[in-house]
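Spelled out, the chains give:
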Amino acid sequence: AKLDKGKRYLLVAGDRDPVGSMGEGVKKVYESMKAASLDVRMKLYEGYRHEILNDRCRDEVTGDIISWLGING
């Protein structure tokens with residue numbers, strides 16, 4: 001209820017991250033945000049854990065974030 005509906009949100013996590021309940025916690029937050037009519041996107045990186053910006057998938061994660069932000073390189 002306290003999140004700004006005028007903003008966009010991006011949830012990213014590894015689907016093997018125990019902090020995010022192996023993706024299930026992230027999905028739950030995503031569904032709650034969608035139900036609150038927020039502009040939210042979610043991407044889970046298959047086979048990765050908590051450090052997605054410091055793992056082998058970092059280029060993909062960075063690219064996805066840059067794309068979501070609409071930054072042209």
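See above for the structure.
Residues numbered from 1 in each chain as written. Predicted model: local features only at pLDDT ≥ 70, side-chain atom pairs only at ≥ 80, totals over all residues. Heavy atoms only, no water.

Asker: Can you walk me through the pattern of salt bridges in this structure?
Answerer: If charged atoms from side chains of opposite charge come close, those side chains can pair. Here the structure, examined in full by the defined rule, presents five salt bridges. For Asp15, the salt bridge goes to Arg16, with nearest N and O atoms at 3.9 Å. With a relative accessible area of 44%, Arg16 lands in the partly exposed category. Lys43 is the salt-bridge partner of Glu60, the closest N and O atoms lying 3.0 Å from each other. Note that Glu60 is positioned in helix 2 (residues 58-69) and Lys43 in strand 2 (residues 39-45), a separation of 17 residues in sequence. On the accessibility criterion, Glu60 (40% relative accessible area) is partly exposed. Among the charged side chains, a salt-bridge network with shared partners connects Lys43, Glu60 and Asp64. (Salt bridge = Lys/Arg side-chain N within 4 Å of Asp/Glu carboxyl O. Buried < 20%, exposed > 50% of the residue type's maximum accessible area, 1.4 Å probe, protein only. Helix = DSSP H or I, 4+ residues; strand = E, 2+ residues; numbered from the N terminus.)

Asker: Would you take a moment to explain the pairing of strand 1 (residues 8-14) for this structure?
Answerer: Residues in a regular strand project their side chains so that they alternate between the two faces of the sheet. Sheet topology places strand 1 next to strand 2; seven bridges connect them, and they run parallel. Looking across to strand 2, one finds that Ala13 is bridged to Leu44. At this point the chain moves from strand 1, through helix 1 (residues 24-35), to the parallel strand 2, and the crossover so formed is right-handed. (Pairing = 2+ DSSP bridges. Right-handed = clockwise from strand over helix to strand, strands pointing away.)

Asker: Any chance you could explain helix 1 here in plain terms?
Answerer: Counting along an α-helix, one turn takes 3.6 residues, and residues three or four places apart therefore face a common direction. Taking 1.5 Å as the rise per residue, helix 1 with twelve residues should run 16 Å; its terminal C-alpha atoms sit 16 Å apart, in good agreement. Buried within helix 1 are the following residues: Val26, Tyr30 and Met33. Within helix 1, the buried residues cover an arc of 65 degrees as seen down the axis, which keeps them to one side. Facing away from the buried side of helix 1, by more than 90 degrees, are the exposed residues Lys28 and Ala35. Along its buried surface, helix 1 packs onto strand 1 and strand 2. In the segment just after helix 1, Ser37 is the residue with positive phi, at about 65 degrees. (Expected span 1.5 Å × (residues − 1). Arc of directions from axis to C-beta. Contact = heavy atoms within 4.5 Å.)

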